[in-house]
Each structure stands twice: as structure tokens, then as C-alpha cells.
Amino acid sequence: ISANRYGPGEGFYAVARAVRDLIRFDLPGTSAHRVYALAKLAFKEAIRRKVLFVVGLFVALLLLAGWYLNPESSDPARLYISFVLTATNYLILALALFISAFSLPNDIKSRTIYTIVTKPVRATEIVLGRMLGFMAVGTVMLVPMGLASYLFVSRGLSHQHLEVVDVVEEADGTLVGETDFVQDHKHAFTIYSDLDGEGNPLGTYSGLTEVVRGHRHIVKRDADGNFEILSPEPLRARIPSYGDIQFYDRGGNNNDAGVDIGAERLDAGGYGSAGISRVIGLSRGSRKVQHGYVEGGTLGKAEFPFQNVTPDRYPNGLQLDLSLRAYRSYKGDIESGIRGSVTMKHPTKDIESNPKTFVINEYEVDELNLDTDVQGTDNNKTRELNVFKDLVDENGQLTIVIKCLDRSQYLGVTQSGVYLRAGDNPFWWNLTKAYVSIWLQMAMVVAFGVMFSTFLSGPVAMVATFACVLLGFSAEQVYDTRHFIDSPVERGGGPIESMVRLLRQDAMTTQLDVDTTAAKVIKTTDAGIVYSLDAIATALPNLPKMVGTAEYAASGFDIFGALLLRHAAATLGYCLLAFIISYFFLKSREIAA
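First, a word on what this report is: a plain description of the structure on this page. (Residues numbered from 1 in each chain as written. Predicted model: local features only at pLDDT ≥ 70, side-chain atom pairs only at ≥ 80, totals over all residues. Heavy atoms only, no water.)

Some points on the packing of helix α12 (residues 495–504) against helix α13 (residues 516–539)
Packing of α12 against α13 brings their axes to within 7 Å, and their N-to-C directions diverge by 130°. The angle between α12 and α13 falls in the class oblique. Side by side, α12 and α13 meet where Pro 495, Ile 496, Glu 497 and Val 500 of the first sit next to Ile 522, Lys 523, Thr 525, Asp 526, Ile 529 and Val 530 of the second. Residues of the contact of α12 with α13, tallied by class, amount to six nonpolar, one polar and three charged. (Axes fitted to C-alpha atoms, helices over the stretch in contact; angles between N-to-C directions. Helix = DSSP H or I, 4+ residues; strand = E, 2+ residues; numbered from the N terminus. Parallel < 35°, antiparallel > 145°, perpendicular 65-115°, else oblique. Contact = heavy atoms within 4.5 Å. Nonpolar A, V, L, I, M, F, W, Y, C, P; charged D, E, K, R; others polar.)

As for a nonpolar patch on the surface
Taken together, the side chains of Leu 471, Ile 496, Ile 529, Leu 533 and Ile 536 make up a nonpolar region of the molecular surface, amounting to roughly 340 Å² of accessible area. Ranked by residue count, the leading element in the nonpolar patch is α13, at three residues. Following the sequence through the fold, Ile 536 ends up in helix α13. Ile 536 sits in the partly exposed class, given a relative accessible area of 39%. (Patch = residues over 30% accessible without salt bridge, like charges linked within 9 Å, V, L, I, M, F, W, Y side chains within 5 Å. Areas by Shrake-Rupley, 256 points an atom, 1.4 Å probe, with all protein chains shown as cover. Salt bridge = Lys/Arg side-chain N within 4 Å of Asp/Glu carboxyl O. Buried < 20%, exposed > 50% of the residue type's maximum accessible area, 1.4 Å probe, protein only.)

Topic: the packing of aromatic side chains
Any two aromatic rings considered together are summarised by their centre-to-centre distance and by the angle between their planes. In total, this model carries 17 aromatic pairs according to the counting rule given. Pairing Phe 452 with Phe 455 gives two aromatic rings, centres 6.1 Å apart and planes at 55°, and the pair type is tilted. Exposure remark for Phe 452: the relative accessible area of 12% places this residue in the buried category. Accessibility expressed as a relative area gives 29% for Phe 455, which makes it partly exposed. Through a chain of ring-to-ring contacts, the aromatic side chains of Tyr 80, Phe 83 and Phe 152 assemble into a single cluster. (Phe/Tyr/Trp six-rings, centres within 6.5 Å; stacked < 30°, edge-to-face > 60°.)

Points about the packing of helix α4 (residues 53–68) against helix α7 (residues 123–157)
Two elements in contact, α4 and α7, have axes whose closest approach is 10 Å; the angle formed by their N-to-C orientations is 10°. The angle between α4 and α7 places the two elements in the roughly parallel class. Every pair of crossing elements has a handedness; the one defined by α4 and α7 is right-handed. Within the contact between the two elements, α4 uses Val 54, Val 55, Phe 58, Leu 62, Ala 65 and Gly 66 and α7 uses Met 141, Pro 144, Met 145, Ala 148, Ser 149 and Phe 152. In the contact of α4 with α7, the residues fall into ten nonpolar, two polar and no charged. (Left-handed = near helix turned anticlockwise from the far one by under 90°.)

With respect to the environment of Leu 320
Inspection of the secondary structure puts Leu 320 in strand β12 (residues 318–322). For Leu 320, a relative accessible area of 0% translates into the label buried. Considered as a pair, Leu 320 and Asp 366 are 46 residues apart in the sequence and their alpha carbons are 8.1 Å apart. Excluding residues that lie within four positions of it along the chain, Leu 320 makes contacts with Val 342, Asp 366, Glu 367, Leu 368, Leu 370, Ile 400, Val 418, Tyr 419 and Leu 420.

This is how it looks when you write it as C-alpha cells:
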């Protein structure tokens with residue numbers, strides 16, 4: 001840009017002088033006191049523009065949301081959390097875009113900037129002051145929005161069942177019944193007699209209801225026969241421990257992928273955990289298939305080796321959570337559902353537990369408690385096994401095998417849909433981490449807005465920042481398009497080839513019916529367009545990964561600390577880059593001379 005403005009020679013010297021001033025004078029001479037004063041000034045300026053009305057708008061949205069959110073949703077917690085995080089994200093990013101892009105151009109236009117640059121203030125301090133001041137504005141607004149979100153979700157999901165109906169005592173003494181109908185749902189429950197230290201019945205009963213609409217209740221009955229249904233269990237953030245995945249075909253042979261059942265596909269994240277498989281250490285473009293189907297009634301299975309399975313990590317036994325799919329090759333008995341089994345086995349020795357059967361629930365997370373003392377076989381001899389002593393090897397590894405029991409039916413599994421739950425974190429802490437992720441996105445938008453405002457007018461700077469954000473959100477689609485075009489299978493090609501096929505009404509799976517030279521030109525042009533977009537998308541922040549943390553919180557998964565650290569490192573890098581570019585452009589303007 002300097003070469004274009006001043007010519008190659010003078011442009012080189014202009015950049016060299018700016019580098020010298022940055023390293024020799026401006027960075028060493030930057031004063032924290034002056035940066036704070038300028039940040040405080042930017043903060044007050046933003047407040048004067050009545051940006052706090054966004055908090056009021058957010059509260060109004062929450063009040064209206066209570067009317068319009070689907071009360072019959074199968075998972076209202078997911079719905080409520082997704083709503084509050086998405087609304088916060090869009091409002092805060094829009095606010096950051098507006099205040100950061102217009103501030104400096106308006107000061108230059110109104111000439112109020114001269115009262116600053118005529119003082120002994122450095123360009124580094126002006127840029128830092130603006131960025132920190134606007135980030136402080138976003139922080140002040142995120143705090144009440146986060147508190148309002150927590151109250152909205154907590155109060156919206158709070159309800160109480162008051163009585164039980166149709167209670168029947170089974171032959172073994174257990175009580176089976178249902179709760180009353182509240183907020184468009186009811187729960188079935190089975191509760192067991194409480195025992196004293198010697199195993200004698202106390203005359204009281206306690207247990208849990210079935211999971212309905214993503215929650216369950218504790219049910220108690222005292223010695224007088226009075227039932228008490230407690231409030232829903234508090235929202236939680238599951239801490240998953242993932243393993244690898246290995247498929248076996250119907251003959252029991254290793255297979256890189258599950259059974260191909262046609263067009264039916266699995267989300268690589270599994271139900272309620274979309275995109276989580278990318279945080280398990282998987283690289284983009286990996287050849288290993290992370291999801292597939294297992295054929296029922298055969299030797300087909302999916303094995304999951306889990307690491308670090310120790311008594312210290314799982315003091316209360318193993319909790320296995322399953323998000324599975326079922327594919328029926330014939331209707332059969334749809335009332336009873338498709339059955340599966342879970343077996344624990346030693347990674348290298350011929351020791352395994354007896355299978356534990358379950359019925360696949362496609363639309364809920366199945367929670368299976370695996371006892372630490374189980375019946376099993378050791379070299380075909382039946383005996384009592386202890387999971388940690390007999391089934392876990394010296395490296396802390398345990399293999400869990402999942403099978404489908406019904407012949408000619410298929411069980412869909414994903415790597416991130418089967419995990420051991422290492423514990424739970426409180427919901428408020430997980431929501432806080434989701435808001436930290438929103439803050440990081442806001443900081444990045446502020447940095448880009450300040451950067452563009454140093455050499456563009458307000459509206460143009462806002463459009464440029466918005467374009468960066470939009471391309472950042474489109475990064476995943478650009479990556480997918482590139483791999484789609486690079487695929488050896490003919491699928492329609494890039495934008496130019498697709499347009500030619502549309503005009504000629506050619507099928508997307510056939511060879512392009514043009515002469516060789518035209519085909520080369522079209523494919524070369526498409527490759528240039530796609531790889532240019534890919535280069536831009538790679539250079540810009542991958543915002544879908546950062547926004548994806550909201551999906552973690554909504555799905556009830558703990559947001560990994562390592563994931564937040566990665567996002568924080570990326571944000572710091574982009575802010576540093578924006579700071580350096582802003583400094584150079586500000587130094588090149590006459591007001592900074």
C-alpha cells in the first residue's frame with residue numbers, strides 16, 4: 001500500500017521508518033496510564049451513544065421468548081440455552097461491529113481527534129485505548145445479559161409435580177407408577193425399598209423417574225405412604241471421556257467403516273453433540289471413519305478403547321452415555337424397539353463381562369450404569385470380575401463393545417456418541433464459559449473494526465468488518481467445498497462447472513460434456529476460485545468453531561478448558577495482528593504525523 005501511495009522506493013522507506021518507530025520509540029514508550037485514559041474516554045464515548053439499550057432489548061427478547069418458544073419441545077433445556085446464547089451472540093457482535101467501526105472515523109470527521117494527537121500520545125496508545133475501551137463496553141453488557149440468561153433458563157425449566165397416579169406394587173416389593181401431568185408431560189417411575197445397614201427394609205422408598213423432555217425427578221415415599229416428588233434435577237454439564245472407535249463386519253473382521261446402508265447418514269457428532277468429534281483430537285481430512293452402522297444378529301460390533309480408566313477418576317462406578325441411531329431393514333415390533341448390548345473386556349486378555357442389554361432410544365441420551373463388580377468370563381470360565389482389577393490393563397485402558405442384537409436391524413454409532421462420563425460440572429459454570437467464548441468473539445470483532453477504521457470511513461469499515469465476520473462464519477463451508485471438488489467422484493464440480501451443467505441440463509454425476517480445452521479452462525477457473533476462497537477463509541478466524549461452544553452448553557456437555565484456551569490463543573493472535581496493522585495505517589495518516 002505504501003508503494004502504491006508513494007512509489008516503490010519511498011514506500012519502502014516509509015514502512016522501514018514505521019517499523020523503526022514501533023520498535024525503538026512507540027512500544028518502549030507506551031504508557032499504561034495514557035492507554036487507560038484513552039480506554040476510559042472510548043468507554044464513555046460508547047456509553048454516551050446509548051449502547052446500553054441493547055441490554056434492555058435482550059431482556060425484552062427474553063420476556064417475549066417465554067410466549068414463542070415451543071412448550072412441547074422434547075428437550076426444552078437445549079431450546080432455552082440455545083436461544084439465550086444465540087441472541088446474546090448476535091446482539092453483542094452487532095454492537096461491537098457498530099461502535100468499533102464508527103468511532104475513529106467520526107472523531108476524525110468532527111476533528112475531535114486533534115485534541116488527542118496534539119498531546120504527547122503515541123499511535124500504539126490510541127489503538128490500544130480504543131480496543132480496550134470498546135472491549136470494556138462489551139464486558140459491562142455481557143455480565144447482566146449472562147445473569148438474565150441464567151435466571152431465564154432456570155426459572156423457565158422449573159416446575160413441580162404434586163402427586164402420583166396408578167401406583168402398583170410388584171412381586172419383588174418395588175413400586176411402579178406415574179406422576180401427574182404438568183407442563184405437557186408426565187413421568188413414569190420405579191422406586192425401591194430403602195434398606196438399613198444390615199439390608200433390612202425400612203418401609204420407605206426412593207428412586208428416579210424416567211427421563212422425559214431432558215430431565216427427571218427424585219421420587220420418595222415415607223413410612224406413612226405419602227409420596228414426594230422433588231424438583232427436576234439441576235442442569236448439568238457432562239464431562240465426557242472419549243475413546244477411539246473400531247468397526248467389525250458381520251464376520252468379525254476389522255473394518256475401517258461400518259455397514260453401508262445407503263443414503264442414511266449419521267451426524268459425526270451424534271445426537272446432542274454435533275461437532276464434538278472435532279475436539280477429540282481428530283484432524284481434518286482423516287481417513288478413519290468416525291461413524292457407521294453395525295449389523296444386528298451377527299459378529300458385527302463397534303469397539304471403543306478408553307484410556308485412563310482408574311478408580312480415582314471413576315470412584316462411583318462407570319457411567320456410560322450413549323447417543324445411538326437405529327435403522328430398520330423391516331418394520332418388526334416397533335413398540336419394543338431395537339435391542340443392543342454393552343460388554344466390557346480386557347484390551348489384550350480373554351476376559352470380559354456378561355453383556356448388558358438395553359433398548360435403543362434414538363432421541364435421548366441413554367445413561368447406563370456399569371457396575372464395578374460384575375459377572376463375566378475369564379478364559380471361558382465364569383467368575384466374579386472387578387472392572388478395575390480384571391478388565392482394565394496396567395495402562396488404564398478398558399475396551400467397551402457395542403452390538404446390535406436384532407437380526408437384519410442396524411445400530412448407528414459415532415465416536416463422540418459413546419463416552420464414559422468422568423463427572424459433572426455445574427450449569428452456571430458451563431454457561432459462564434459459553435459467555436467467555438462470546439466475549440472472545442466480541443474482542444476479535446472490535447479489533448477488526450478498529451483496524452479498518454484507521455484507514456476507511458465508518459460505513460466502509462463496518463462493511464469490511466462484517467465481510468470478515470461473514471467469511472469467518474463461512475469457513476467450514478469453504479473447506480467442505482474444496483474437499484467436495486477435490487473428491488475423485490464426479491459430483492458437479494465448482495461454481496463455473498455447475499453453472500455450465502445447469503445451462504446444459506447435464507447430470508452432476510456424469511463427465512462434463514464439453515471439449516477438452518474448454519473443460520480444462522472451466523476446471524482451472526473453478527480451482528482458482530475455490531482455492532482463493534480457501535486461502536481467505538484460512539487466513540480469517542474460524543468463527544463456527546467458536547460459536548460451536550454454545551452447542552456444547554445447550555447439549556449439556558462441559559466446555560473443555562483446552563478448547564477455550566485454543567480460542568483465546570487465536571483471539572490474541574488476531575488482535576495482535578489487527579493492532580500492528582492499525583498502528584501502521586494510523587502512522588501513515590497526517591493526523592498521526
